[in-house]
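# Coordinate analysis (summary)
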Amino acid sequence: MKRIVLTGFRGTGKTEIGKALSSRLNSTFIDTDTLIEKKTGRSIPDIFHYEGEERFRSIERDVMAELPPADVIVSTGGGVVCDPKNMEHLRKNSTVILLVADIETVEERLLKKPRPPLTSLPLHEEIAEMMDRRRQNYYASLDFCVDTTETSPAVAAEKIIVLLKDGLPGKSQRNTALAFFKTGRLPPVPLQKLTDILSGPGRDPTTRIIGVAGYPCAHSRSPNLFNALFEHYQLNYHYTWFEDPELDEIMSIARAVDAKGLSVTIPFKQDIMEFIDEIDEHAAQAIGAVNTVVFACRTTIGYNTDWLGVRKPLVSLKGSKAVLLGAGGVAAGAAYALTDLEMEVTILNRTPENAKRLAERFGCRWGTWDEFDRINPDLVVNATPLGMQPDTRNPLKGEQLKKDMTVFDLVYTPPVTPLIEAARAKGCATITGLEMFIEQAREQFYLFFGIDVPAEKVRELLQ
Ligand code: NAP
């Protein structure tokens, strides 16, 4: 039997449901908190009190790494999900069930069986605060979610057994989805893989789907990358293309297959916002675009990871004088990243009104391209499609580049663009669009699975 892992906040029933599952499935039950106490010979409150939380987390991490790989049901401590290393161990070849319950139910259960406080807040507020703080990690941890609010441990265990046996999408939903994928432009091998997952005789009902939503999106490098990562981390997921001109069709198919998430690309990064329940503050309030959607526990949350893809490679250039070329969708995320790094930013664009509009949103200067030389920036970020295959144009003339400049071209096809080539010839420091792609993909993977993939691993898999 594949390992079953239960995650969730304290009081959601992990231990009792774990025991009920173990007796129904006739397999060993492991409570990781008990394991930690056995290993150290101390109670968890004592470890916290005498050795501190950091020491506790380190012991916890060791325990997660040593869990048996199969034939066990594991109940985890409530904070386990916040450590990406734990998620890497726990998710490996396992099915993770997140248990949730409403605040009142958790409070009632904790009053009956008190635990050491996590904060100095009154119990009700502490539950609300901690659940909220860890929510993204809980959602990333789950393959399936079970609400235990009005359920006994035996009934919740039964629900889990049904989930493991049947999965979530019903037969008619799977057939609808398959018809969608068959009329799309999927190459034969991925189409066969999807057919096996959705209706093959050896169907594993716990295999989950995730994908890229766009039109067109056949060019996307995400499916190859994510599927290679699933293999590397032994995750029971398959990443595919949701390509269609109609976003509502894509969303209905994503729901039909109970997708765990979507990467969103052109032309849907703005339109998708109408289809989701909650929008992360970076994506919505500032950038106005979503490139990552997480479906979890009957809610849909939108994030933007593009801006982090621009920000991360530039952290050491905090406070620089920057010119941002372009004022489209990607430029909005880039402007947010550059201003977040306290840079003095001027947005230069072919259509000055668009530059003005974007600049006003982020408190930047703006102008037209012929102002570039006067500005003499430390950093140039190209957020236009100039130089993207098959276009061979360079957005700047070689003589406009100076050797003490850093040039970041967000275009990543080809890997070395005409701008990067010219900048290298001048002796500038250069950052290619691949770095943005790598960082935004790492962040997406973290939002989907709670695992922190090293940049080197992504780079290796993209080669
Ligand atoms: P977009 O919304 O269409 O915006 C394009 C911007 O470039 C607009 O400001 C437009 O100016 C300007 N522009 C277009 N053609 C131009 C030309 N011939 N001369 C001068 N300016 C021109 O596109 P986007 O979604 O922001 O994407 C921009 C680029 O980012 C893409 O082409 C892609 O290569 C890159 N990208 C990279 C990654 C990554 O992970 N590295 C991810 C996504 C996108 P106007 O306002 O005058 O129209």
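Structure first, text after, so check above.
This one's a predicted model, so the numbers in the text were calculated from it and none came from an experiment. Throughout this document, residue positions are counted from 1 along each chain, in the order its sequence is written. Totals for whole chains, interfaces and linings use all residues, but because this is a predicted model, local features are given only for residues with pLDDT of at least 70 and pairs of side-chain atoms are given and counted only at 80 or more. The basis for every side-chain value is the complete set of heavy atoms in the structure, and neither hydrogens nor water enter the calculation.

The environment of the ligand is made up of 21 residues, and the closest members are Ala 327, Val 330, Asn 349, Thr 351 and Asn 354. Definition of a polar contact: a pair of N or O atoms within 3.5 Å, with one able to donate and the other able to accept a hydrogen when the atoms are protein atoms, and with sequence-neighbouring residues admitted only if both atoms are side-chain atoms. Residue Asn 349 places a side-chain N or O atom 2.8 Å away from an oxygen atom belonging to the ligand. Measuring from a nitrogen atom of the ligand, one finds a backbone N or O atom of Gly 433 at 3.0 Å. Accessible areas in this description were obtained via Shrake-Rupley with a 1.4 Å probe; residue shielding takes into account the shown protein chains only. When the free accessible area of the ligand is taken as 940 Å², the share hidden by the protein chains comes to 76%. In this description a helix means any DSSP run of H or I spanning at least four residues, a strand means any run of E spanning at least two, and both kinds are numbered starting from the N terminus. Counting only elements with at least two residues in the shell around the ligand, the list comes to helix H14 (329-340) and helix H18 (433-449). Considering each element in turn, the shell around the ligand owes the most residues, three residues, to H18. Just so you know the grouping, Ala, Val, Leu, Ile, Met, Phe, Trp, Tyr, Cys and Pro go in nonpolar, Asp, Glu, Lys and Arg go in charged, and all remaining residues, Gly too, go in polar. Taken together, the residues of the shell around the ligand sort by class into 11 nonpolar, eight polar and two charged. Here, proximity means that at least one heavy atom of the residue falls within 4 Å of the molecule or strand.

Hydrogen bonds along the backbone pair up the strands of a sheet, which may run parallel or antiparallel. For two strands to pair, DSSP has to find at least two bridges joining them. The five strands are arranged S2-S3-S1-S4-S5 in an open sheet whose pairing can be described as parallel. The open sheet is flanked by strand S2 (28-31) and strand S5 (144-147), the only strands paired with a single partner. Recorded for the sheet is a direction-independent mean angle of 25 degrees between the axes of neighbouring strands. Of the pairings in the sheet, the one linking strand S4 (residues 94-100) to S5 comprises four bridges and is parallel in character. Looking at S5, one finds that Leu 99 is bridged to Val 146. Sheet strands touched by helix H6 (residues 123-141): strand S1 (3-8) and S4. Its angle to S4, the strand with the most contacts, is close to 140 degrees. Across the sheet, helix H7 (residues 153-166) touches S1, S4 and S5, and the angle it forms with S5 is around 155 degrees. For helices, the fitted axis covers only the stretch in contact; all axes are lines through C-alpha atoms, and the angles between them, taken along N-to-C directions, range from 0 to 180 degrees. Any two residues whose heavy atoms approach within 4.5 Å are treated as being in contact.

This next bit is on helix H5 (residues 103-112). Of all the positions in H5, only Thr 105, Val 106 and Leu 110 are classed as buried. When H5 is viewed along its axis, its buried side chains cluster within an angular range of 130 degrees and face the same direction. Set apart from the buried face of H5 by more than 90 degrees, the exposed residues are Leu 111 and Lys 112. Structurally, H5 contributes buried residues whose contacts are with H6. Any residue under 20% of the maximum accessible area for its type is buried, any over 50% is exposed, and the rest in between are partly exposed; the area is computed with a 1.4 Å probe on protein chains only. Comment: arc refers to directions from the helix axis out to C-beta atoms.

The mixed open sheet is built from six strands, whose spatial order is S7-S6-S8-S10-S11-S9. Of all the strands in the sheet, just strand S7 (237-243) and strand S9 (278-279) have a single pairing partner and so form its edges. The pairing of strand S6 (residues 208-214) with S7 spans seven bridges and is classified as parallel. When the bridges of S7 are listed, Gly 214 appears paired with Glu 243. Most of the contacts of helix H9 (residues 188-199) go to S7, to which it runs at about 120 degrees, and overall it touches S6 and S7.

Let us look at the packing of aromatic side chains. By convention, a stacked pair of Phe, Tyr or Trp rings (six-membered ring in the case of Trp) has centres within 6.5 Å and planes under 30 degrees apart, an edge-to-face pair has planes over 60 apart, and any other such pair is tilted. Under the definition given, this model contains 17 aromatic pairs. Relative to Phe 56, the ring of Phe 48 has its centre 4.8 Å away and its plane inclined at 40 degrees; by these criteria the two rings are tilted. Look at Phe 48 and you get partly exposed, because its relative accessible area is 31%. Between Phe 226 and Phe 230 the ring centres are 6.3 Å apart and the planes differ by 70 degrees, which places this aromatic pair in the edge-to-face class. Placement of both Phe 226 and Phe 230 in helix H10 (residues 222-233) is noted, with a separation of four residues, approximately one turn of the helix. Comparing Phe 226 with Phe 230 shows no difference in burial state: the two are buried. Clustering of aromatic rings is evident, with ring pairs tying together Phe 226, Phe 230, Tyr 233, Tyr 237, Tyr 239, Phe 445, Phe 448 and Phe 449. Two conditions define a charge sitting above a ring: the NZ of Lys or the CZ of Arg must be within 6 Å of the ring centre, and it must be within 35 degrees of the ring normal. Over the face of the ring belonging to Phe 144 we find Arg 208, whose NZ or CZ atom lies 5.6 Å from the ring centre.

The next point concerns the nonpolar core. To define a nonpolar core, start from buried Ala, Val, Leu, Ile, Met, Phe, Trp, Tyr and Cys residues and group those joined through side-chain atoms within 4.5 Å. Of all hydrophobic cores here, the largest spans 70 residues; its most connected members are Phe 181, Phe 230, Phe 242, Leu 262, Phe 445 and Phe 449. No other element matches H18, which puts seven residues into this core. Discounting chain neighbours no more than four positions away, the residues touching Leu 262 are Gly 211, Ala 213, Phe 242, Met 251, Ala 254, Asn 291, Thr 292, Val 293, Phe 295 and Phe 448. If you look at the next biggest cluster of nonpolar residues, it comprises 33 residues, including Leu 324, Ala 337, Leu 338 and Leu 379.

The next point concerns the pattern of salt bridges. Each reported salt bridge corresponds to a side-chain nitrogen of Lys or Arg within 4 Å of a carboxyl oxygen of Asp or Glu. Overall, the coordinates contain 30 salt bridges when judged by the stated rule. A salt bridge links Lys 312 to Glu 443; the nearest nitrogen and oxygen atoms lie 3.3 Å apart. Of the two residues, Lys 312 is situated in the loop between helix H13 (306-311) and strand S12 (321-325) and Glu 443 in helix H18; the sequence distance between them amounts to 131 residues. In this structure, Arg 442 engages Asp 452 in a salt bridge whose closest nitrogen and oxygen atoms are separated by 3.3 Å. In this pair, Arg 442 sits in helix H18 while Asp 452 sits in the loop between H18 and helix H19 (455-462), placing the two residues 10 residues apart along the sequence. With a relative accessible area of 15%, Arg 442 lands in the buried category. Through salt bridges with shared partners, a single network forms among Lys 312, Glu 439, Arg 442, Glu 443 and Asp 452.

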